[in-house]
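Single-letter residue listing:
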Amino acid sequence: GENSPHTVFGPPADLFVIAEGGVRWGLAKGERSGRLRVGGWEQTDVARDGVLGGYVTLDQKVWRENKEDANDDQGIGIFAQYNGSDSDRDPFFRHHASTGAVWKGAIPSRDDDEMGAGVSWVRVPAADGGAKESEVAFELFYKVQITEFLSITPDVQYVANRSEEHT
């Protein structure tokens, strides 16, 4: 079709370009690592005008199971993220925010497994120019680490939609 791999260097040669920078830190003598990332992106040729956006993500370990072992990354971490896009041109979303927590090694015999929960909100433009749509999603997951390179992640989500009038 029109979007098969042979179009990589020909029409429709749309691109998704992203740049990111950030900082890392350690609190409580390195026990609680964290990082802040800021990035920007452009998707070319969406509705022939392109779309610009940006994001900021904060990750923070709040509890580490084995404080004496600097290489042990088991414990609980939290995250928060915000994404925004060019509201005049993005057909998919305008604003997105999410937060949640992940616990690595919650089951004693499964040190590399992770379980987590999160909530996400997104505002999308209405196709007809009327009411804006938004979604709130609640998510639970458990990542089973089978080998160093293979994992399975069952994931359950509940998504609630609602309309909002233009203000």
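Rules used in this analysis
- Residues numbered from 1 in each chain as written.
- Predicted model: local features only at pLDDT ≥ 70, side-chain atom pairs only at ≥ 80, totals over all residues.
- Heavy atoms only, no water.
- Helix = DSSP H or I, 4+ residues; strand = E, 2+ residues; numbered from the N terminus.
- Buried < 20%, exposed > 50% of the residue type's maximum accessible area, 1.4 Å probe, protein only.
- Contact = heavy atoms within 4.5 Å.
- Areas by Shrake-Rupley, 256 points an atom, 1.4 Å probe, with all protein chains shown as cover.
- Polar contact = N/O pair within 3.5 Å; in protein donor to acceptor, adjacent residues only side chain to side chain.
- Pairing = 2+ DSSP bridges.
- Salt bridge = Lys/Arg side-chain N within 4 Å of Asp/Glu carboxyl O.
- pLDDT = per-residue confidence, 0-100.

1. Examining the overall build of the protein chain
A tally of regular secondary structure across the protein chain gives 0 helices and 9 strands. Sequence-ordered secondary structure for the protein chain, helices as α and strands as β, is β-β-β-β-β-β-β-β-β. Expressed as a percentage of its 167 residues, the buried residues of the protein chain come to 25%. Across the protein chain, every contact between residues at least 6 apart in sequence was considered, and the portion connecting residues at least 24 apart equals 41%. Only carbon and sulfur atoms are counted for the fraction: they give 57% of the accessible area of the protein chain, which is about 11,200 Å².

2. Structural notes on the side chain of D113
Among the secondary structure elements, D113 is positioned in the loop between β5 (95-104) and β6 (114-124). With a relative accessible area of 3%, D113 lands in the buried category. A polar contact is formed between the side chain of D113 and the side chain of R110, at a distance of 2.8 Å. Among residues more than four places away in sequence, those in contact with D113 are W103, K104, G105, Y142, K143, V144 and Q145.

3. Notes on the pairing of strand β4 (residues 75-85)
Across 11 bridges, strand β3 (residues 51-64) lies against β4 in antiparallel orientation. If you follow D59 over to β4, its bridge partner there is F79. Two elements, β4 and β5, share 10 bridges in a ladder whose sense is antiparallel. The residue of β5 that forms the bridge with G75 is K104.

4. Considering the pattern of salt bridges
Side chains that differ in sign of charge can pair as their charged atoms come close. Summed over all chains, the structure comprises 4 salt bridges. K104 serves as the salt-bridge partner of D73, at 3.0 Å between the closest nitrogen and oxygen. Of the two residues, D73 sits in the loop between β3 and β4 while K104 sits in strand β5, which places them 31 residues apart along the sequence. Residue classification places D73 among the partly exposed residues on the basis of a relative accessible area of 38%. We note a salt bridge from D113 to R110, for which the minimum N-O separation is 2.8 Å.

5. What about the confidence of the model for the protein chain?
Per-residue confidence for the protein chain gives a mean pLDDT of 84; residues scoring 70 or more make up 77%. For the protein chain, strand β9 (residues 155-164) is the element with the lowest average pLDDT, namely 84, and strand β8 (residues 150-152) is the one with the highest, namely 97.

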